[in-house]
Amino acid sequence: MRFASRIAVTSTTHVAFLRALGAEASICGIGDYRSLYEGTLATRFSNRGVVALGSAYALDVEAVLALSPQVLLADPISVQDASALERIRQAGIPVLPIFEYLDADPLGRLAWIQVFAALSARTEPARILLDKEKEAYHKIKAAALVKSCTPVVLSGFPYRGTWWIPGGKSYLARLIDDAGGRYVFADRGGSGSFSLGAE
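1. Let's talk about the overall build of the protein
Looking only at helices and strands, one finds 8 helices and 10 strands in the protein. Referenced to the eigenvectors of the C-alpha coordinate spread, the extents of the protein come out at roughly 55 × 45 × 30 Å. Split into buried and exposed, the 199 residues of the protein put 36% on the buried side. Here the contacts in the protein between residues at least 6 apart in sequence split such that 49% fall between residues at least 24 apart. Accessible surface, the protein as shown: approximately 11,200 Å² in total, 56% of it carbon and sulfur. The averaged location of the 19 negative side-chain charges in the protein is 3 Å from the averaged location of its 21 positive side-chain charges.

This is the structure:
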């Protein structure tokens with residue numbers, strides 16, 4: 001496969017990479033579609049130009065097979081359903097695990113754009129974007145070193161009565177630290193999230 005013009009994604013985190021490369025139109029199917037709130041892809045979905053593939057926890061294998069994308073990008077939750085992915089592979093659809101959201105280094109996470117660039121034949125735009133964003137990141141980080149105050153930052157996401165909080169070694173904690181902030185939960189948890197009661 002030289003490049004893919006029909007890409008199915010199991011996570012909306014994949015969308016941002018393809019959008020940044022100008023390759024959003026290559027997305028033909030998406031899991032976790034309820035997380036689409038704006039933009040061209042949400043419009044295409046509502047007009048049935050993009051097919052719902054279920055969720056990461058319940059990938060709709062029949063929808064993937066009927067869609068017949070050139071590649072299925074699978075997030076860490078989707079890859080746990082080995083039997084579903086094997087059926088998809090047996091149908092001749094390549095499955096590419098994409099674990100970018102597990103990268104706790106912000107620039108390491110950004111570097112995943114190179115995978116999306118290879119799939120969409122946009123390696124040069126990705127290189128330019130990566131260089132530009134790295135430079136901007138380092139400038140912001142350097143400016144934060146000479147700050148006059150240290151903001152205290154609290155972060156989290158409520159879901160079904162539980163407050164999910166990024167761990168102290170997570171991507172978000174690193175962003176806060178690099179921007180000169182002090183993360184409230186810097187000493188709790190690892191690189192993933194942990195939960196607290198919503199109250």
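2. Some thoughts on the packing of aromatic side chains
Within the structure shown, the criterion is met by 3 aromatic pairs. Centre to centre, the rings of Phe 17 and Phe 116 are 4.6 Å apart; their planes meet at 5°, and the pair counts as stacked. Note that Phe 17 is positioned in helix H1 (residues 13-20) and Phe 116 in helix H6 (residues 113-120), a separation of 99 residues in sequence. On the numbers, 6.1 Å between centres and 70° between planes, the contact of Tyr 183 with Phe 185 is edge-to-face. With respect to burial, Tyr 183 and Phe 185 carry one shared label: buried. Between Arg 109 and the ring centre of Tyr 171, over which it is positioned, the NZ or CZ distance is 3.4 Å.

3. Some thoughts on a nonpolar patch on the surface
Residues Phe 99, Tyr 101 and Leu 102 make up a contiguous nonpolar surface patch of about 270 Å² in total accessible area. Here Phe 99 lies in the loop between strand E5 (95-97) and helix H5 (106-110). Take Phe 99: its relative accessible area is 32%, and that puts it in the partly exposed class.

4. Details of the pattern of salt bridges
Scanning the entire structure with this criterion turns up 8 salt bridges. Glu 24 serves as the salt-bridge partner of Arg 19, at 3.1 Å between the closest nitrogen and oxygen. The exposure class of Arg 19 is partly exposed, given its relative accessible area of 33%. For Lys 139, the salt bridge is made with Glu 135, and the minimal N-O distance between the two is 3.4 Å. With Lys 139 and Glu 135 both in helix H7 (residues 123-144) and 4 residues apart, the pair spans about one turn of that helix. For Lys 139, a relative accessible area of 56% corresponds to the exposed category. The class of Glu 135 is partly exposed, set by a relative accessible area of 47%. It is possible to trace a salt-bridge network through shared partners that takes in Asp 105, Lys 141, Arg 174 and Asp 178.

5. Quick word on the pairing of strand E8 (residues 162-166)
The sheet contact formed by strand E7 (residues 157-159) and E8 spans 3 bridges and is antiparallel. Residue pairing in the sheet places Pro 158 in a bridge with Trp 163 of E8. Linking E7 to E8, which pair antiparallel, is a turn of 2 residues; within it Arg 160 sits at a positive phi near 50°. Relative to strand E10 (residues 193-197), E8 runs antiparallel, the two sharing 5 bridges. In the sheet register, Thr 162 faces E10, and the bridge partner there is Gly 197.

6. Concerning the pairing of strand E4 (residues 71-74)
Side-chain alternation along E4 places Val 71 and Leu 73 on one buried face and Leu 72 and Ala 74 on a second face that is also buried. Relative to E4, strand E1 (residues 7-9) runs parallel, the two being bridged by 3 bridges. The residue of E4 that forms the bridge with Ile 7 is Val 71. Where E4 and E5 come together, 3 bridges link them in parallel fashion. From the neighbouring strand, Leu 73 faces E5, where its bridge partner is Leu 96. Read as a crossover between parallel neighbours, the route from E4 over helix H4 (residues 82-90) to E5 is right-handed.

Cut-offs applied
- Residues numbered from 1 in each chain as written.
- Predicted model: local features only at pLDDT ≥ 70, side-chain atom pairs only at ≥ 80, totals over all residues.
- Heavy atoms only, no water.
- Helix = DSSP H or I, 4+ residues; strand = E, 2+ residues; numbered from the N terminus.
- Buried < 20%, exposed > 50% of the residue type's maximum accessible area, 1.4 Å probe, protein only.
- Contact = heavy atoms within 4.5 Å.
- Areas by Shrake-Rupley, 256 points an atom, 1.4 Å probe, with all protein chains shown as cover.
- Lys, Arg positive; Asp, Glu negative; His and termini not counted.
- Charge placed at Lys NZ, Arg CZ, Asp CG, Glu CD.
- Phe/Tyr/Trp six-rings, centres within 6.5 Å; stacked < 30°, edge-to-face > 60°.
- Lys NZ or Arg CZ within 6 Å of the ring centre and 35° of its normal.
- Patch = residues over 30% accessible without salt bridge, like charges linked within 9 Å, V, L, I, M, F, W, Y side chains within 5 Å.
- Salt bridge = Lys/Arg side-chain N within 4 Å of Asp/Glu carboxyl O.
- Pairing = 2+ DSSP bridges.
- Right-handed = clockwise from strand over helix to strand, strands pointing away.

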